[in-house]
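Structural overview for review
Here is how the chains run, residue by residue.
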Amino acid sequence: MKKTPVFLDSLVTNMLRLRAICPFSWRVFQFRPISCEPLIIQMNKCTDEEQIFDFIERNKAILSEKQVGCAFDMLWKLQKQKTSLLKNVEYVRDHPQFLTLHNLATNKFKLMNDDTLVNVLYVTQQFAGEAHDPLVEALVTEAWRRLERFDIKLLSEFSSCLADQRLYFSPLMGKIADIVHRNLETTQDLSSLSVLMVNISSLISRHFQQQLVNKTELLFDTIDSSEVNVAKSIAKFLRNVRYRYQPLLERCNNVFLSNVDHLDLDSISKILSVYKFLQFNSFEFIIMAKKKLTEMIPLCNHPASFVKLFVALGPIAGPEEKKQLKSAMLLMPEDLTGEQALAVLGAMGDMESRNARLIKRVTSVLHKHLDSYKPLELLKITQELTFLHFQRKEFFAKLRELLLSYLKNSFIPTEVSVLVRAISLLPSPHLDEVGISRIEAVLPQCDLNNLSSFATSVLKWIWHDDMYLDNITVKQLKLLQKLDHYGRQRLQHGNSLDLLWKELKSLKGNTFPESLLEEMIATLQHFMDDINYINVGEIASFISSTDYLSTLLLDRIASVAVQQIEKIHPFTIPAIIRPFSVLNYDPPQRDEFLGTCMQRLNSYLGILDPFILVFLGFSLATLEYFPEDLLKTIFNIKFLARLDSQLESIGGMDGAQQQIYKMLAEVLGGINCVKASVLTPYYYKVDFECILDKRKKPLPYGSHIALGQLPEMPWESNIEIVGSRLPPGAERIALEFLESKALCRNIPHMKGKPAMKKRHLEILGYRVIQISQFEWNSMALSTKDARMDYLRERIFGEVKSCL
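In this text, all values refer to a predicted model and were calculated from it rather than measured experimentally.

A few points about helix H28 (residues 497–504)
Here H28 has its buried residues at Leu497, Leu500, Trp501, Glu503 and Leu504. Take H28 and look down its axis: the buried residues cluster within an arc of 160 degrees, on one side only. Away from its buried face, by an angle of more than 90 degrees, H28 presents the exposed residues Leu499 and Lys502.

Given below as C-alpha cells:
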C-alpha cells in the first residue's frame, strides 16, 4: 500500500480547518462548479422563460460572463420558436430577472469573448424598450474597440446590429466598410459578405459597388441552391444601390424559383418589392408567387398578415382574386393601423382599384393618423389619392395644412423637395411666399434630383395659377430662373462621370427640366470617354428616356459595344440597343454594331425572360434588323407558350379626338365616311381611317350613321374591312395624330416606334398621314377653318411632310 504524499495530507488538513472556521464560505465553495458547463447544461434544458428567470434568480451571484451570454441566447431562442401572435417580448423585457440579467451583462461585458459580446448586443436590441439603452451603448463601444480582430461572420452580425439602430451613415459603419474593402480579395464567405453589402450600401463608391458585384458573381456558385437568404440579401443590395444588374438578379431569381415551396409570405412580399423597384420582370416567379399567395387568402385572419398578403398579391392578382381580397379587407373586424392603411392604399394604387367603400375605410384611418406620418409618407398618400380620384375637401385641407407646417420647419433639401412635390399635387397647389422662401434657402445645397423635382412642381403651380387664377407671380418666374441657374452650375462644375451619374441615374430622362436638358446632354458628352463596359447599359437606358437625340453619345455607345463586347454581360445588350430603336438612329457602323451585339447574345436567347426577348425583337424591328436566331427563338411553340400576354382592350377617345372626328366627318361628307380607333391586323390601332375612290371621293362604310351622332364606345373594329378587296384605284388612308413624345425633344426627328408603325401600315396597304401635335396646335392652325383646310389638303391634295 502506497503512502499518501505529505503535501496532500497537509492540504486535506487545512481544508478541514477552513470548513470548521467558515462553514458558510465552505458551502459556497463546495457547490460552485469548477467549470461553467453544468450551469449551461441546466439552462439548455429550460423550456420557457419562467424556468430561465428562476434559474437566474437562484444563480445570479455565481453566473460568469459566458453563462450570462447563454441566458440571453436562450431567451431569444424561445422567442424565435413562437409565432408572431404568441411572442411576448414586452413580458420578458419587463420581468425583474431580465433587469438582473441586464445588470450582470453591464458588469461583465468586458470579460466576454467577441462572439458572446456581439450576440448579447443583438439580443439586447431585440428586447430593448428604451431609445438609448446604456448597455447597448457600452456593448457597441466595446465592439468598436475590438473591430479589427472580428472575422467576416462576426463583422456582418455586428453591422446588422448597427443597421437595426439606423446607423447606416455613422463613422463606425464607415470603418466596417473600410475593413470589407481591405479584405475583399481574400473573402470567401458570401453569406456574411451579402449581409455586409446591404448594411454598408449607403457609404460605398461606384467603384467599390462594382467590386462587390464582381466578387458576388465569383462566389455565387459556392453557395447552395437552397440559400434563399443570401439571394435575398444580394437582391436587396442591388435595390439599395439602384443597380438593375440583370445577371445577378437572374441568378437570385433562379434560387427563389427552386425554393418557392419554402418561401413564406414575408419572403415573397420582400422579393416582389425588390423586383418592382428595380423593374425586373420574372414571369415564372410571379406565376408561382401568385399561386402560393392565393392559397393563403383564407388562412390570413390577422390584420397584419392579411395586409401584407393584400399588398403582395393585389398588384399581380387576377380579377377573381382581387375581388376576394377587397371583400376580405372590408370584412376585417379590426381597424387598421396607420402603417397598414398606408400599405393598403399603395396596393390599391398598383391595382388601380377605385372601390369607394374600401377607399372610404382606408382614408378614415389615414385621416386619424395623418399627424404621425413623415413627409415621404405624406407624399405617397397624396400621390395615391390623386391617382384614385379621391376628392374629400376636408381631408385635403388637413393634408395641405400639415405639409405647409412641415415645410416651414424643414431645412433638409430632400425633405423640402418631397413636401413641395406633395403640395403641387393637391387640388389647390398654390404656394405662399414663405414656401417659396424655403425653397430658395435650400437651393445651393440641392442635387439634380431635388432641382428637377422643384422645377416640375413650380411649373405645375404656374400652370394652375394661369389656368384658374389668371395670375403668374414674378416670384414664381424668378424661382424658375434660380432653379435653372443652380442646375446649370451643378452640371458645369461636375468633375467626373461617376459623380454626375450618381445623381442622374435615379432620374427619369423624360421628366428632366427642358431648360437643362441640353446642358445635361452636353455634360454627358464632355465625359463620354468615360463610358465603358461597366456603365454603358445604364447610360443607354437613361438616354432612351430623355427623348433627346445626341448622335455623339449614341456613336460612343455603339463604339464601346463593338470594342468591349466580350466584357459586356449578354443581359445588358437589350438596354444598349434600346436608345437606337427609341430615337430611330443608325450609327455609322450600324451592321457591325447590331451584328456584334446579337452574336454576344445568341447563346443566351433561350434563358432570357420572354418579355425582354419580345421587347428586344421589337427594338430591332424598328431598326429594320431581323436576326435569324432571334426570330427562330421567338416564333417557337415552346417559347410562345411561355408568354401570357393578352391584347389590351381599346379605350374611348378624349375630347380633342372627338373634335377631330367631327371635323373629319365634315371634310369627308359624313360620319359614315370615317372610322375612329380602328384595330388593324397585327393589332395596330389607327386614330382615324377613311377610304377614297380613284376620283378622290370618300367611300362610306357599310352602316350609315347620321352626322353629329357619335358611335357607341368602344369603336367597332375594322379588321374585316382592311382584309377585304377595295374597288380598283381606291386607297385606304390612316390619319395618325402624333403626340409630342413621338418626336425627339431637341429636333423634329420621329422616334423609332411611330416610324415603324408607319412602315407597317404602308405594308398593310394604307397611305399614312401623320400630323404632329406641334403643327396641329400652331398659330397657323389656330382656327377651325384653317384646320379644316389643312385636313382637306392632306387628304385630297399632294401629301407634304409635316415633320
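So, a nonpolar patch on the surface
Together, Phe626, Leu631 and Phe635 make up an exposed nonpolar region whose accessible area comes to about 350 Å². When you line up the elements, Phe626 lands in the loop between helix H34 (610–622) and helix H35 (628–634). Exposure remark for Phe626: the relative accessible area of 53% places this residue in the exposed category.

Overview of the confidence of the model for the chain
Per-chain confidence: the chain averages 83 in pLDDT, with 87% of residues scoring 70 or above. Within the model, the stretch residues 644–652 combines pLDDT values under 50 with 11 contacts to residues more than four positions away or in other chains. A low-confidence stretch, residues 799–803 (pLDDT under 50), is modelled with 14 contacts involving residues beyond four sequence positions or located in other chains.

Topic: helix H4 (residues 49–59)
It helps to recall that an α-helix has 3.6 residues per turn; residues three or four apart then point in one direction. Every buried residue belonging to H4 is among Glu49, Ile52, Phe53, Phe55, Ile56 and Asn59, and all of these are buried. Seen from one end, H4 has its buried residues packed into an arc of 155 degrees, which puts them on one side. A side-chain oxygen of the first residue of H4 lies 3.1 Å from the backbone nitrogen of Glu50; this N-cap is Asp48.

Some remarks on the packing of aromatic side chains
Under the criterion given, the structure shown has 21 aromatic pairs. Plain terms: the ring middles of Tyr275 and Phe280 are 4.8 Å apart, the flat faces sit at 65 degrees to each other, and that makes the pair edge-to-face. Per residue, the accessibility class of Tyr275 equals that of Phe280, and both read buried. Relative to Phe395, the ring of Phe390 lies with its centre 5.5 Å away and its plane at 85 degrees, an arrangement referred to as edge-to-face. For the pair formed by Phe390 and Phe395, the shared burial category is buried. Counting every residue linked through ring pairs, the aromatic cluster contains Phe72, Trp76, Phe98, Tyr122 and Phe127. If you follow Arg354 out to its NZ or CZ, it ends over the ring of Phe387, 5.0 Å from the centre.

What counts and how
Residues numbered from 1 in each chain as written. Predicted model: local features only at pLDDT ≥ 70, side-chain atom pairs only at ≥ 80, totals over all residues. Heavy atoms only, no water. Buried < 20%, exposed > 50% of the residue type's maximum accessible area, 1.4 Å probe, protein only. Helix = DSSP H or I, 4+ residues; strand = E, 2+ residues; numbered from the N terminus. Arc of directions from axis to C-beta. Patch = residues over 30% accessible without salt bridge, like charges linked within 9 Å, V, L, I, M, F, W, Y side chains within 5 Å. Areas by Shrake-Rupley, 256 points an atom, 1.4 Å probe, with all protein chains shown as cover. Salt bridge = Lys/Arg side-chain N within 4 Å of Asp/Glu carboxyl O. pLDDT = per-residue confidence, 0-100. Contact = heavy atoms within 4.5 Å. Polar contact = N/O pair within 3.5 Å; in protein donor to acceptor, adjacent residues only side chain to side chain. Phe/Tyr/Trp six-rings, centres within 6.5 Å; stacked < 30°, edge-to-face > 60°. Lys NZ or Arg CZ within 6 Å of the ring centre and 35° of its normal.

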